[in-house]
Each structure stands twice: as structure tokens, then as C-alpha cells.
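Now for the letters of each chain:
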Amino acid sequence: MRIEPWAPELAPRDTELVKAIEARRGGALLNLDRALLWSEPLARGWNVYLRALRQEISLSPFVRELAICVVARLTGADYEFHHHAPELKNAGATDAQLNALDDPEVAATSTQFDELQRAVIRFAIASTRNVKVPESTFGALKQHLSPTEVVELIAVTAAYNMVARFLVALQITPET
């Protein structure tokens, strides 16, 4: 990591905030959290927003994690892929599908993915690389997803582009 990992003795933080982050993470802080906690307001907002995206939206876990993994591969955010590929597998992805995501452009046309999944991959590629999403790409999503799910997919993709840029800029590595 390009900065020293946060620790309580370096910069005291609200213990309730730290406990809330640990609870969302299953009991331990991740390296990402140890960067975010240098800014208490940032860590607090991040924890609330990312919890909502991961735990409160109606978008299927497979679609959510697929979009996140595509963003991770496109941006070179290996930390993000390290944490979300297992979540995608838990949501039903095969090893072949996970391997196909090494090249999202190829995955976007692969028969290993169904029509909705290919549409999600194409959307994540367009949103990540170009920001502006072609009408045909957006239309393909609307054929399979409700307006709520479309909004949630867009939010997930945008948020994890933010996460990826944070991780890559700080060179945050997976936990050992």
C-alpha cells in the first residue's frame, strides 16, 4: 500500500464506526478499510453506501457480482477481483465463466454466459471504458431487468469503478 495502513494508535476513530465496519466484514478489517479509516467521514459514508449495494438492493447477486468482476478486470483492480470472484462463484458462476472474465471483451460474446449476463458484461465494459453507454447496450438491459434493477446495476457499476480507482491508486493488495 502506498500509505501506512491505519491503526487506532496512529489516528483514533469512533469505535462504533470501526465496529460497524468490522461487522460488515465478518469481524475483521480489510486492507481497504485500513486505508479508508484515515478519513472518518469517508469510511462512514463508504460503509453505509457499499453495505446498501451489497446487502439491500433487489438486483440478483449473480448480476451484481458479474458487473463488479468485469469492472475489476477492466481497471486492473486485482484486489477487487480477489474479493468478488468468490462471491460470483457463490452466486452460481462456473470456473469457466470466472476464467472467461480475464478478457471481458471475449466474455461479452461467449456462450458460457446467457443473454442477460452478456448484456451486463457489455454494459459494464461501456460504462467503465467510455462512461456513455450506447442505446443498444442499454436497451438490452431493459429487455431483462426492471427499472429498479437497471438503476441498481448502474449504481453498482459506478460505485465499483470508484472502488477500483481507489484500490489501484493506493496499490492496495489482498490480505495475507
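Just above, that's the structure.
Before going into details, it helps to say that this report is about the structure given with it. (Residues numbered from 1 in each chain as written. Predicted model: local features only at pLDDT ≥ 70, side-chain atom pairs only at ≥ 80, totals over all residues. Heavy atoms only, no water.)

**Thoughts on the pattern of salt bridges**
The line we're drawing: One side-chain nitrogen of Lys or Arg within 4 Å of one carboxyl oxygen of Asp or Glu is enough to make a salt bridge. Each residue gets one of three labels from its accessible area relative to the maximum for its type: buried under 20%, exposed over 50%, partly exposed in between, using a 1.4 Å probe on protein chains only. Segments assigned H or I by DSSP are reported as helices when at least four residues long, segments assigned E as strands when at least two residues long, and all are numbered from the N terminus.
Within this structure, the stated rule accounts for 12 salt bridges. Between Asp78 and Arg73 there is a salt bridge whose closest N-O contact spans 3.9 Å. A relative accessible area of 51% places Asp78 in the exposed class. Of the charged contacts in the structure, one is a salt bridge between Arg73 and Asp102, with a shortest N-O distance of 3.0 Å. Remark: Asp102 occurs in the loop between helix H6 (95-100) and helix H7 (104-107) and Arg73 occurs in helix H4 (residues 61-75); sequence separation between them is 29 residues. Given a relative accessible area of 26%, Arg73 falls into the partly exposed group. Bridged by salt links that share partners, the residues Arg54, Arg64, Glu65 and Glu87 form one connected network.

**Quick look at the nonpolar core**
Applied cut-off: Take the buried Ala, Val, Leu, Ile, Met, Phe, Trp, Tyr and Cys residues and link them wherever side-chain atoms come within 4.5 Å; each set so joined is a nonpolar core. Contacts are assigned to residue pairs with any non-hydrogen atoms lying within 4.5 Å of each other.
One finds Leu66, Leu101, Ile121 and Leu153 to be the most contacted residues of the largest nonpolar core, which totals 58 residues. With 10 residues, the top contributor of residues to this core is helix H10 (residues 147-170). In contact with Ile121, other than residues within four places in its own chain, are Leu66, Val70, Leu101, Pro104, Ala107, Ala108 and Phe113.

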